[in-house]
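# Report on the structure
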Amino acid sequence: MVLSCSLSPAIWNGLGLGLHPRSCKLNAVLAVRNSRQSPILILCARLRLVKFLRVLDFVLKPKIALAHCDIPCGIYETNTLLMAAQTVVRMVEVMEALPMDKPSLQDRNNFIRCVHVKEKHASLCEEQLVTLWAYFFKQEHFEKWPDLHGKFWKAVNLASDNKQNVSREKAKELMASCREISQIFDQVKVAPKDNLVGVVSDNPESPKKKLMS
Amino acid sequence: MKLPFSVFVVYENSMLPVYKPGDHVVTFNWKRIAVGDVVVFKTTRSRLALAPVRKGLERFYIKRVISTRNKMVYVAGDNWRESAKMPPISNLDLIGKVIGKY
C-alpha cells in the first residue's frame, strides 16, 4: 500500500500489479486518475513488466483458477429426459427386431447405428438426471419426498445399465423411473418467468403428454 | 507444507472488474485470510459431493471472502450476475490469498 502511494498512479497501474482487494476504493480512485494519463505511457509500462513477470510461468506453471462456477439460468425441464428414455426403449425394440442369424450388411449397419443412438440417449438421460438432482431439487424437496434420492440413484444407475446391456426390461424400468421423477418435477416446478421465450415444459401441446402416458 | 507462493490464471468472468479472464495472479499461502480478501481455494468434493476428488483432479476457484463462521469461509464472486452461490469452504481447502496480478 505504501509502495502504491509512493509511485505515480500511472506507473503503478502500468506495472500490471493489481491492487489488494481491500483497496478497491483506492483502485477506483486511481482508475479515475489514470484516465487522465497518457494511455501510451500506461500501455508501455504494462507491456514491459508483463513480459518480465510472465517469465515466472516457466518456473511456476500456473494452474487454472475458475472464477465462474455456473450460470444460474434457472431453466429446467424434463421433456429431454423423457424423450431420451423413450429413445432408449425404442432402440432396444428395433435392435431386437433385427435378424440375428446371417444378418445382411444393411442389418449390421442398422444394428451399429441403433447401439450408437442408444448409447448417446442413455448418456443424455444420465446427464439430465444429474442436472435435476444436483441443481433443481433443493433440500426441502428431499424432505418432502424422502425417497427422491433413491429414485434418482436408481434412475442414474439404470441409465448406465442401459448403456451396458440390451434389455427391454431395463429400458422400461428407466422410462418408469424418469416418469416418476418427471411427475415430482411437475409438482415442484413453478411457472416460468414472463420474459423467457421458448420454454416448452409448460406448453400443454408439448410431446410430454404422450411421453407420460 | 505449502509453498509460500502459487500462481494461477483466472478463467471466466465472475471476478470482474478486478480480475479479468486471462489475468495471472499470485497467491501468498502463509497468511491468515480476512473478510474482503480474494482467495483461491480448491474443491475436494465431486459435483454431487458424493465422493472425494482424486489428487490432481481438484478444481481451483477464485472468489472473495464475505464472512467466516465456525472455521468455515463463505465466498462469493464480485460479478454477481455470473457467479452462482458457492457452499462454505473449509480452511483446509484454501490455497492462499491473492496478493497481485501480472
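In case you missed it, the structure is sitting above this.
Residues numbered from 1 in each chain as written. Chains lettered and ligands numbered in written order. Predicted model: local features only at pLDDT ≥ 70, side-chain atom pairs only at ≥ 80, totals over all residues. Heavy atoms only, no water.

A separate point is the environment of B:F60. Residues and elements named next belong to chain B. One can find F60 in strand β4 (residues 59–69). In this structure F60 comes out as buried when scored by relative accessible area, which is 11%. When the C-alpha positions of F60 and F8 are compared, they lie 8.8 Å apart, and in sequence the two are 52 residues distant. (Helix = DSSP H or I, 4+ residues; strand = E, 2+ residues; numbered from the N terminus. Buried < 20%, exposed > 50% of the residue type's maximum accessible area, 1.4 Å probe, protein only.)

Taking 1.5 Å as the rise per residue, helix α7 (residues 105–136) of chain A with 32 residues should run 46 Å; its terminal C-alpha atoms sit 45 Å apart, in good agreement. Close packing links the buried residues of α7(A) with α6 (79–97), α8 (139–144), α9 (148–164) and α10 (168–188) of chain A. (Expected span 1.5 Å × (residues − 1). Contact = heavy atoms within 4.5 Å.)

Next up on the list: the pairing of strand β1 (residues 63–66) of chain A. Judged from the 4 bridges that link them, β1(A) and strand β1 (residues 5–11) of chain B form a sheet pairing that is parallel. Counted as the bridge partner of A:I64 is B:V9 from β1(B). (Pairing = 2+ DSSP bridges.)

The next point concerns the nonpolar core. When a protein is soluble and globular, its nonpolar side chains tend to lie buried together. By size, the foremost hydrophobic cluster in this structure holds 32 residues, and its most contacted members are A:C125, A:L129, A:L132, A:F137, A:F152 and A:L174. Put simply, the parts of the chain that give this core at least two residues each are α6, α7, α9 and α10 of chain A. Among the elements that make up this core, the one with the highest residue count is α10(A) (8 residues). Sequence-distant contacts of A:L132, that is, excluding residues within four places in its chain, are made with A:Y76, A:E77, A:T78, A:L81, A:F137, A:F152, A:I181 and A:F185. In terms of nonpolar packing, the next biggest core, distinct from the first, is built from 14 residues, A:A67, B:V10, B:M15 and B:Y19 among them. (Core = buried A, V, L, I, M, F, W, Y, C linked by side-chain atoms within 4.5 Å.)

On to the pairing of strand β3 (residues 38–43) of chain B, then. All names here are of chain B. The sheet contact formed by β3 and β4 spans 6 bridges and is antiparallel. Residue pairing in the sheet places K42 in a bridge with F60 of β4. Note that β3 and strand β7 (residues 94–101) share 3 bridges and pair antiparallel. Bridge pairing in β7 places V39 opposite K97.

Residues and elements named next belong to chain A. Its place among the elements puts D107 in helix α7. Buried charge without a salt bridge: D107, with R108 as the nearest opposite-charge side chain at an N-O distance of 8.0 Å. Residue contacts for D107: discarding those within four places in its chain leaves L98 and P99. (Lys, Arg positive; Asp, Glu negative; His and termini not counted. Salt bridge = Lys/Arg side-chain N within 4 Å of Asp/Glu carboxyl O.)

Interpretation in functional terms is not warranted from these geometric data alone.
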